[in-house]
Amino acid sequence: MTDNFKFGRIFWIFSYILLSGDILTQVAAENEQSMCSFYGNCASNNKNPPGHYLCIVKHAPKPLDDVSMGILRQLCPELTNKYGKDLCCNGDQVRDLQKSFALSLPLLSRCPSCLYNFRQAFCDLPCSPIQSTFLSVNETLKGTENDETPSAKSVNYAIGAEYIQKTYESCKDVVLSSTNDVVMKAICGSWGSYHCTPQRWFEYMGDGVGNSFVPFTIHFEFRDKVEDGVENSGLIGINQPTYACSEVAPGESVKCSCVDCLGSCPAPPPPREKVDWTIKFEYGPEEHKITVFTIVGGITVIILIVAFKPILKRIHKATQSSGTEFEYAIVKFFTSLATFCARKPLFVIVPGTIVVVVFSCGIAMLEITTDPVELWASANSRSRIEKNYFDSTFVPFYRTEQLIVTAVDLPPILHVTATGNESFGPIFNLEFMKVLLDLQTAIAHDVNGNDPDSGDPVFLKDICFKPLDPANTNCATFSYLGWWQNNYTEILKSAPREDKNGNPVEDGSVDNYLDHFKYCSLNPSSPTDTTKLKLSCMGEYGGPIEPTVALGGFLDSTYLPLDPPYKDATTAVITFIVNNHVDKKEQRKAKAWEAAFIQFMHEYVKKENKMSAHMKIAFSSERSIEDELDRQSQNDIVTVAVSYLIMFLYIAVALGEQHSWGRLAIDSKASLGLLGVTIVLFSVSSSIGFFGFFGVKATLIIVEVIPFLVLAVGVDNIFIMVQTLQRTERKSNETIPEHLGRVIGHVAPSMMLNSLTDSASFFLGGLTGMPAVQAFAFYAGVALLFNFVLQFTVFIAFLSLDIQRQEAGRWDILCCIPRKHSKKPKYKDGFLFKVFKNIYAPFILSLPMRIVVLVMFTLWLGASVIMIPSIEVGLDQQISMPEDSYVLTYFQAMFNYLSIGPPVYFVVKDTEFDYHTNPNVQDLIRAGENPYSLVSQIYASSRASNTTYIAKSAASWLDDYRDWASSDKCCYYKGTRELPRFCPSIDTKRCKQCRIVKDENGFIEPDEFEKFLPFFLRDNPHEKCPKAGHAAYGDAVRYRKADDGNGAVPTASYFMTYHTILKTSKDYIEAMEEARAISANLTKTLNTGTNSTNHEVFPYSIFYVFYEQYLTMWRDTFQSLGISFATIFVVTYILTGFNIFTALIVLLTVVMIIVDLGGMMYWWNIPLNAVSLVNLVMAVGIGVEFCTHLIHEFTVSKEESRLSRAHDSLVHIGISVFTGITLTKLGGILCLGLARSQIFRIFYFRMYLGIVLFGAAHGLIFLPVLLSFVGPPSRPQRPLPFPIDNIKRHDRDYPLRT
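Cut-offs applied
- Residues numbered from 1 in each chain as written.
- Predicted model: local features only at pLDDT ≥ 70, side-chain atom pairs only at ≥ 80, totals over all residues.
- Heavy atoms only, no water.
- Helix = DSSP H or I, 4+ residues; strand = E, 2+ residues; numbered from the N terminus.
- Buried < 20%, exposed > 50% of the residue type's maximum accessible area, 1.4 Å probe, protein only.
- Disulfide = S-S within 2.5 Å.
- Pairing = 2+ DSSP bridges.
- Axes fitted to C-alpha atoms, helices over the stretch in contact; angles between N-to-C directions.
- Salt bridge = Lys/Arg side-chain N within 4 Å of Asp/Glu carboxyl O.
- Parallel < 35°, antiparallel > 145°, perpendicular 65-115°, else oblique.
- Left-handed = near helix turned anticlockwise from the far one by under 90°.
- Contact = heavy atoms within 4.5 Å.
- Nonpolar A, V, L, I, M, F, W, Y, C, P; charged D, E, K, R; others polar.
- Expected span 1.5 Å × (residues − 1).
- Bend = angle between axes of the 7 residues up to and from the residue.
- Patch = residues over 30% accessible without salt bridge, like charges linked within 9 Å, V, L, I, M, F, W, Y side chains within 5 Å.
- Areas by Shrake-Rupley, 256 points an atom, 1.4 Å probe, with all protein chains shown as cover.
- Lys, Arg positive; Asp, Glu negative; His and termini not counted.
- Charge placed at Lys NZ, Arg CZ, Asp CG, Glu CD.
- Core = buried A, V, L, I, M, F, W, Y, C linked by side-chain atoms within 4.5 Å.
- Phe/Tyr/Trp six-rings, centres within 6.5 Å; stacked < 30°, edge-to-face > 60°.
- Lys NZ or Arg CZ within 6 Å of the ring centre and 35° of its normal.
- pLDDT = per-residue confidence, 0-100.
- Polar contact = N/O pair within 3.5 Å; in protein donor to acceptor, adjacent residues only side chain to side chain.

(A) Just unusual backbone geometry, in detail. Cis geometry marks the peptide bond from aspartate 469 to proline 470, where omega comes out at 10 degrees. Of note, proline 470 is situated in the loop between helix H15 (460-463) and strand E15 (477-478). A positive phi angle is found at tyrosine 949, which is not glycine, with a value near 65 degrees. By secondary structure assignment, the location of tyrosine 949 is in the loop between helix H31 (945-948) and helix H32 (957-966). Using a relative accessible area of 6% as the deciding quantity, one classes tyrosine 949 as buried.

Dropping the structure here:
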C-alpha cells in the first residue's frame, strides 16, 4: 500500500508560468520595434486561486530594478543575457514568476532539457521586450472608476507548432516519482497522458473556463511556420530553440535520465532465459516419444543387467553366509520376544499402556500452527529472512480488508461529455452507488469488534492506516466513491457546461458526476477537476484514489494497456488498509475487528435491498484464509472419521474366520481389529505427544495424513500376523505362546524391514527445509516406530488372550458370555485364497501374461517419465478453500476483475551505503544520468512488463528529496539554522525557509542532506509542495542520528513499484524469479560502483514467502525422494541379510511406483507442491509395504525354480497384502472422494487412490512377474534352536523357513 498523496494545484502553476503572472497587452499591428503590450496587474479575476487580468499598455520596455533583476537572472538566464535590463515586466511580476517556478521546478527539474524548453518560452512571455509580435488582445475588460486602465480578459497567442511539438516530446515521459506515473498525466487535463498531444497540452493550459487556475483564456494559434497568419492577426509565432531530452541543454551538465527519457536509455538486454523443466524430444507426437523412450530405456536396462550381473553375484556370494547369520538372529530375537509377550500378556499390556498414555500427555503441550508462513517457508529460507528483515526494519505489510462488488444486469450509463456521447459502466448507476456508499460507510463507522484484552469496542478508525496523521486522521480507504469524498451529495451535483467565453453551451449539456469521474480517473492527484463542478479528486484521507486499484472488470487481458478503459468498469473494489505488527499480540485488535467485519458481511449478503439482485459481492479480510483453512480442517474431521470407521469395520470383518453362523460371534476378530486401530491411533498420539514435550510445532497435515500412513503399515502387519497364525496349525506339544512365537519369528523379518525402512527414510527425508514436509517426516518416523514396538509387544499379548478367548468358546467383545460351541473346525482355504491360488497366480504368471505385464508396465513407466516434467508446480489459492467458502468467491472475483498486481519493494539493506556524501554514489540509485542506476533498471524492467512482471517505475525517495529541497515552498524550520526544528510546509507561520545548500550539479551538500532529511520524511504533501515525503516515504527510509546529533544518516530504504496482474501459480512464481534477477543485477551495480562486496538489494512482496518453495520444488522433491530411495536400499540390503539382489529389486519397484504416480499426477491435474510432496514421501513408505513382504517370502521359499517361488509367495503372502492394504484402504479412500474440501479430493482422494492402486499393481502384478525372471536366489536353511521344526500350512507340510 503506497498509493501516495501526490501534488496539488499544478494546473495553476503551469498556466501562471505560461502567462508569467499577468501577460496581456493590446498589440499595435504596425509596431516592429521593442514594445510592451502589458505592464503590471489590473482588475482581479475573482477566481480561486485569485489572479489578475493584465493591464493593457503601449510603451517601451522599462529598466528592471537590481533586486528583481538578480532573481530573474537565476530564473531565466537566457532572457537576461539576450535582452539585458530593459524589459516588459516589473518587480511584482518577477516575484510572481519566482513563486510559480518554485512550484513547477520540482515537477520538471528531473529532466533539464524539458525544463529548459519549457522555461525558454515562458520566461519570454512576461518580460520579453518584443512580446507585441506574438501576443494580441482577444477580449477587453473596461477599467474601473478607480483605475481606468483596460484589462485583457482573453488573448491570442501565436506559437510555433515545431516548438510545442519538441517541447512536448522532451517532457511527455518525465516521471513524478512518488506516484509511479508521468507528470503529463496531471498537466494535460481530462486528456490524461495517453490522449495528450502538444496542442491539447497547451490548449488545456490556456483554458480559462475549464481550468480554474488559469487567470484568463489564451487562444493559441499554432503556426507551422512562424510567419503564417501574419496577414490576418499581425502576429509572428514564437519559436524558441529546443533540445531533445537525450541532449544536454545549454547551461546544464547532464541530460535527462533514462526514467524520464526513453532516448537516454541503453538498448534493453535480451529477455532472461527461464528454466524449462519440459523434456524436449524431436520425435513427433507423445506416443512416439513414449515408444522411443521405452525402447532406449529397455535396451539400457538390459545392458546394465548383463554388465553388472557377475559383479552382483560375487557381492551376493561374499555376503551370503553373514547375511544368513544376521537374519537367523532376527528370527531368534522376535521368536523369543513374541513367546514372552504371549506368556505374560498383562506384564506387557500394562507398562505398554502406561508408556503410551505418558507420551500422549505431551499433546497438551502441543502447539498447532496454521500460519501459512510457518507451514511452507523454512525459517532459514531466503524469503523468510527477507520478510523478517523488512518487517523489523520498516513496518510489516499492511493488513487488507477488501470488497469486490460487481454490477449485474444493469445497463450502461449514457452521458454527453465534453467530447461527445459516451457510455459508462453499470457501477455508475446512481442507485448502485448510493447502496454501495451506505455499505462502505457502515463498515467504516458501525462495524466493531471486542478488544480481546480490554473488552472495549474496536472500530476501523482504531486500527486503520492513516498516512497523513496527525494532519488528517481519516483512514486510508481506496474506493472510487472517494473521488466524491464518500459524499452522496457531491455525487448528485451538476453544473451547466460553458464554452471558452464563459457562456452556456447551446445544447444545454451539464457537467455531472460522470465528467468528474472521467477527469479523476486520468488525474487522480488533482485537487480540483476542470469541470464546472470544481470538485477535488483526492480521497478523504488526503491522498489519491488510483483507478487501477479501485476499479475492475474493464480489462480483456492480464496487462494494463496504455489507455485503460476505466469508464467501462463493471466492478468496484473497496480496500480498507489496516496497520500490521510484527508482534502477533498486537494484531489481536485488528483480528477482532476483522472477525466482526466478516460476520457483518455474511449477514449483509443475506439481506435484501434495492440493489441485491444487481450486486454480486465478494469480500475477504487478512485473517480469512487462515480462518477458512481451520474451518475446512474441522469440517473434514467427519469425513476422515467416516473413512477410518469404514476401514475399521472392514478390518473387524476381514480378520475373522467365518466357519459357521453358530460360531460367528466366537470367531469374530472385531475386538482385535479395534485394538489394531487403537494401536495405530496411540502410535500417532504418542508421536505427537513426544514432539509436544520438546515444543516442536505440529501441522494439520500430520493429523490428516499420518494416521493413513500408519494404518497402511500397521493393518498390513496385523493381517499378516493373524492370517498366518490362522493358517498355521498348533502342534500337540506346543503351547499358545510357543505357537505365536514360531509364527511371529517367521513373519517378523519382513515387518521389521518395512517399518525400519519407512522410519529411516522419513527421518532422513526430514532434512528438507520445508517446515510442513519436515514436521510430517519426523512425526511419521516416530509414529511408525511406536507402531512397530506396540504391535510386537502389546498386540501380540492381546492376540494371545484373543486365542484363549476363542478356544474357550467366548464371544468376541462380550467375552464374559460363555457359549456352548462345537469344536473349532480345521482351517479351510477362504474364497480369496482359492482365487489367488487357482486362478489369479496361474494366470498372471503364465508366459504370455508375464511378457504383456513387463511391456505394459515399461510403457507406462516411459509415459510417466516423459510427462513428469510437465507437472504444474504450485497451489492455486482457490484449491485450498472449501467449495462453500466465501473466500473462494473472493478469489474468483479477484482473478476476474482486478487490474493491478501486488506491490513489490526493492530493498537496499543497511550496509553503510553512502547516500549523501558522494554524488557518484547517489547516481547509482537515483534517476540521474546513469542508465544503470537502481531506479533506471527498474524502469527499464517496467518497459518489458510482459516478461518481467514489473508494471511501473519505482517511487524514489532520493529523487523526490532532491526536488523537495529545490523548492522554496517546502522546507521550513523553527529555531536556529544550526539547530533547526521541523516546521510543516503547509503551516509556515513564524517559520523560516531552509534554503538548502546544493552544489553546482544540484546535489545537496552532505551536512544539509543529514540535517533536513527528517524534515522531508515528516512533511505532508500539498498543492504548494507536492514532493513532501511523509505519505510516500515515511516508512521507506530508516536512518540513524548523524555524528553531531543534528540530522540523520540514511541506513536502509526501499523503492516501491507494482507487479502486473498475477492470476496463476506460474505467474506468481515467475514474477518472484524476475524480481530476484533484477535485484541481483542491482546488487552487482551497487557493489561494482562502490568497489565493495557488502551491499545488497533484495525484492520483497507479500506473496514471496508462500511461493518461494516452488522455486526449488523440483530440487526438494528429488532430494526428499532421493534420500528415501537411498535409505530403502541401504536398510533393505542390511535387514535382508546383505542380499543385494533383494535390495535392488525393492528399490526398482518402489521407484517405478513413484514414477508412475508422478505420471498420474500429470494426467489427473494434481500439481506438485508441499502437500503432494508429503504424499509422495508417504507413497515411498507404502510402496515398500507392498514389496517387502512378498519378496521376503520369495527368498525363503523352498520351491526350486524362480517361477515356482514367485507363485508360492504370491499365493501365501499376496493374499495378506491384498486384504491388509489394498481392500482396507479402498473403502476409506472412496469416502474421501465425498469431502467438500478440494484439497482433500485432489491431494488425498486422488493421490491416495493412486498410491494404493499403483502399489497394489506393482506389488501383486509386476513384482511377482519380475521375480519369476530375475528374482534373488533362495536363502540357505539353518535349523531353529527349538524343537518345533514344521509348519502345517493349508493342505501340505513344509519346513519352517528361517
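Following the structure, the description resumes.
(B) Representation of the state of the cysteines within the structure. Inspection of the entire model under this criterion finds 12 disulfides. Each disulfide pairs two cysteine sulfurs, and for cysteine 36 the partner residue is cysteine 88, the sulfurs being separated by 2.0 Å. Of note, the bridge from cysteine 36 to cysteine 88 carries an S-S torsion of about -95 degrees and is left-handed in sense. Of the two residues, cysteine 36 is situated in strand E1 (residues 36-44) and cysteine 88 in the loop between strand E4 (86-87) and helix H4 (91-108); the sequence distance between them amounts to 52 residues. Pair check on accessibility: cysteine 36 and cysteine 88 agree, each one buried. The disulfide bridge from cysteine 464 ends at cysteine 475, spanning 1.9 Å between sulfur atoms. Between cysteine 464 and cysteine 475 the disulfide shows an S-S torsion of about -75 degrees. By sign, it is left-handed. Residue cysteine 464 is found in the loop between H15 and E15, and its partner cysteine 475 is found in the loop between H15 and E15; the two are separated by 11 residues along the sequence. Both residues of the pair, cysteine 464 and cysteine 475, belong to the buried class.

(C) Here's a closer look at the sheet that holds strand E25 (residues 1037-1041). The 4 strands are arranged E25-E26-E21-E27 in an open sheet whose pairing can be described as antiparallel. Every other strand in the sheet has two partners, leaving E25 and strand E27 (1097-1100) as the edge strands with one partner each. Between one strand axis and the next, the sheet turns through 15 degrees on average, direction left out of account. By the bridge criterion, 6 bridges tie strand E21 (residues 903-908) to strand E26 (residues 1048-1058) in an arrangement that is antiparallel. Across the sheet, valine 904 pairs through a bridge with threonine 1057, a residue of E26.

(D) View of the environment of tyrosine 519. Relative to the elements of secondary structure, tyrosine 519 occurs in helix H17 (residues 513-522). You can call tyrosine 519 buried: its relative accessible area is 1%. Taking C-alpha positions, tyrosine 519 is 8.4 Å from cysteine 537, a pair spaced 18 residues apart along the chain.

(E) Representation of the pattern of salt bridges within the structure. By the definition in use, this model includes 29 salt bridges. Several salt bridges converge on common partners, so that one network encompasses Arg497, Asp511 and Asp515.

(F) Representation of the packing of helix H13 (residues 382-393) against helix H36 (residues 1104-1111) in the model. Contact pair H13 / H36: the axes reach a minimum separation of 8 Å and the direction vectors enclose 160 degrees. Taken together, the axes of H13 and H36 lie roughly antiparallel to each other. Our pair here, H13 against H36, has a crossing hand that is right-handed. Facing H13, whose interface residues are Arg382, Ser383, Arg384 and Lys387, H36 presents Tyr1104, Val1105 and Glu1108. For the contact of H13 with H36, a count of residues per class yields 2 nonpolar, 1 polar and 4 charged.

(G) Summary view of helix H26 (residues 831-844). Taking 1.5 Å per residue as the helical rise, H26 with its 14 residues ought to reach 20 Å, and the 18 Å between its terminal C-alpha atoms agrees with that figure. At lysine 837, H26 shows its maximal bend, which comes to roughly 35 degrees. Residues of H26 that are buried: Phe833, Phe836, Ala841 and Ile844.

(H) Spatial organisation of a negative patch on the surface. A contiguous patch of negative charge on the surface is contributed by Glu1000, Glu1005, Asp1007 and Asp1044. Tracing the sequence through the fold places glutamate 1000 in the loop between strand E24 (992-993) and helix H33 (1006-1018).

(I) How the structure looks around the sheet that holds strand E22 (residues 972-975). With antiparallel pairing, the 3 strands of this open sheet are ordered in space as E23-E22-E24. Two strands close off the open sheet at either side, each with one partner strand: strand E23 (980-983) and E24. As paired elements, E22 and E24 share 2 bridges and run antiparallel to each other. Paired with tyrosine 972 across the two strands is glutamine 993, which belongs to E24. Relative to the sheet, H33 contacts E22 and E23, its axis offset from that of E23 by approximately 15 degrees.

(J) Main features of a positive patch on the surface. A cluster of basic residues, Lys974, Arg981, Lys989 and Arg990, forms a positive patch on the protein surface. Following the sequence through the fold, lysine 974 ends up in strand E22.

(K) Here's a closer look at the nonpolar core. In this structure, Trp201, Phe432, Leu436, Tyr480, Trp957 and Trp964 are the most contacted members of the largest nonpolar core, which totals 343 residues. A per-element tally of this core places helix H42 (residues 1238-1270) first, with 20 residues. Residue contacts for tryptophan 964: discarding those within four places in its chain leaves Cys970, Cys971, Ile996, Phe1012, Phe1015, Phe1016, Asp1019, Cys1025, Lys1027 and Ala1028. Of all hydrophobic cores here, the second largest spans 14 residues; its members include Met69, Cys76, Cys89 and Leu97.

(L) Here's a closer look at the side chain of serine 128. Here serine 128 shows up in the loop between helix H5 (112-127) and strand E5 (135-141). With a relative accessible area of 1%, serine 128 lands in the buried category. Residues in contact with serine 128, not counting those within four places in the same chain, are Leu79, Tyr83, Cys88 and Phe134.

(M) Summary view of the packing of aromatic side chains. On inspection of all chains with the given rule, the structure shows 67 aromatic pairs. Relative to phenylalanine 1218, the ring of phenylalanine 836 lies with its centre 5.7 Å away and its plane at 50 degrees, an arrangement referred to as tilted. Highlighted residues: phenylalanine 836 in helix H26 and phenylalanine 1218 in helix H41 (residues 1214-1232), separated in sequence by 382 residues. The exposure class assigned to phenylalanine 836 is buried, which follows from its relative accessible area of 6%. Sitting over the ring of tyrosine 39, lysine 62 keeps its end group 5.0 Å from the ring centre. In this structure, arginine 850 packs its charged tip against the face of phenylalanine 1269, placed 4.6 Å from the ring centre.

(N) Highlighting the packing of H26 against helix H40 (residues 1202-1212). Their axes nearest at 9 Å, the elements H26 and H40 cross at an angle of 145 degrees. Crossing hand, H26 versus H40: right-handed. Here H26 contributes Phe833, Phe836, Lys837, Tyr840, Ala841, Pro842 and Ile844 to the contact with H40, which in turn contributes His1207, Leu1210, Val1211 and His1212. The residue makeup of the contact of H26 with H40, split by class, is 8 nonpolar, 2 polar and 1 charged.

(O) Structural view of the confidence of the model for the protein chain. Summary statistics for the protein chain give a mean pLDDT of 81 and a share of 85% for residues scoring 70 or more. Here residues 275-290 is modelled with pLDDT under 50, and outside its nearest four sequence neighbours on either side it reaches 19 contacts, counting other chains as well. Low pLDDT (under 50) marks residues 1278-1298, which in the prediction has 60 contacts with non-local residues, meaning those over four places away or in another chain.

(P) Up close: the pairing of E27. In E27, alternate side chains face the same way, and those of Val1097 and Pro1099 on one face and Phe1098 and Tyr1100 on the other are all buried. As defined by bridge partners, E21 adjoins E27 across 4 bridges and the pair is classed as antiparallel. When the sheet's bridge partners are listed, valine 908 is paired in E27 with valine 1097.

(Q) Examining the side chain of aspartate 260 more closely. Relative to the assigned elements, aspartate 260 resides in the loop between helix H9 (230-233) and helix H10 (286-343). Within the structure, aspartate 260 has its side chain in polar contact with the side chain of serine 257 (distance 2.7 Å). Leaving out residues up to four positions away in the same chain, aspartate 260 has contacts with Arg110, Cys111, Asp173, Val174, Val175 and Ala927.

(R) Looking closely at helix H39 (residues 1170-1196). Spanning 27 residues, H39 covers 40 Å between terminal C-alpha atoms, matching the ideal 39 Å at 1.5 Å per step. Buried residues dominate H39, accounting for 27 of its 27 residues. Two or three places before valine 1171, at the opening of H39, asparagine 1169 has a side-chain oxygen 3.0 Å from that residue's backbone nitrogen.

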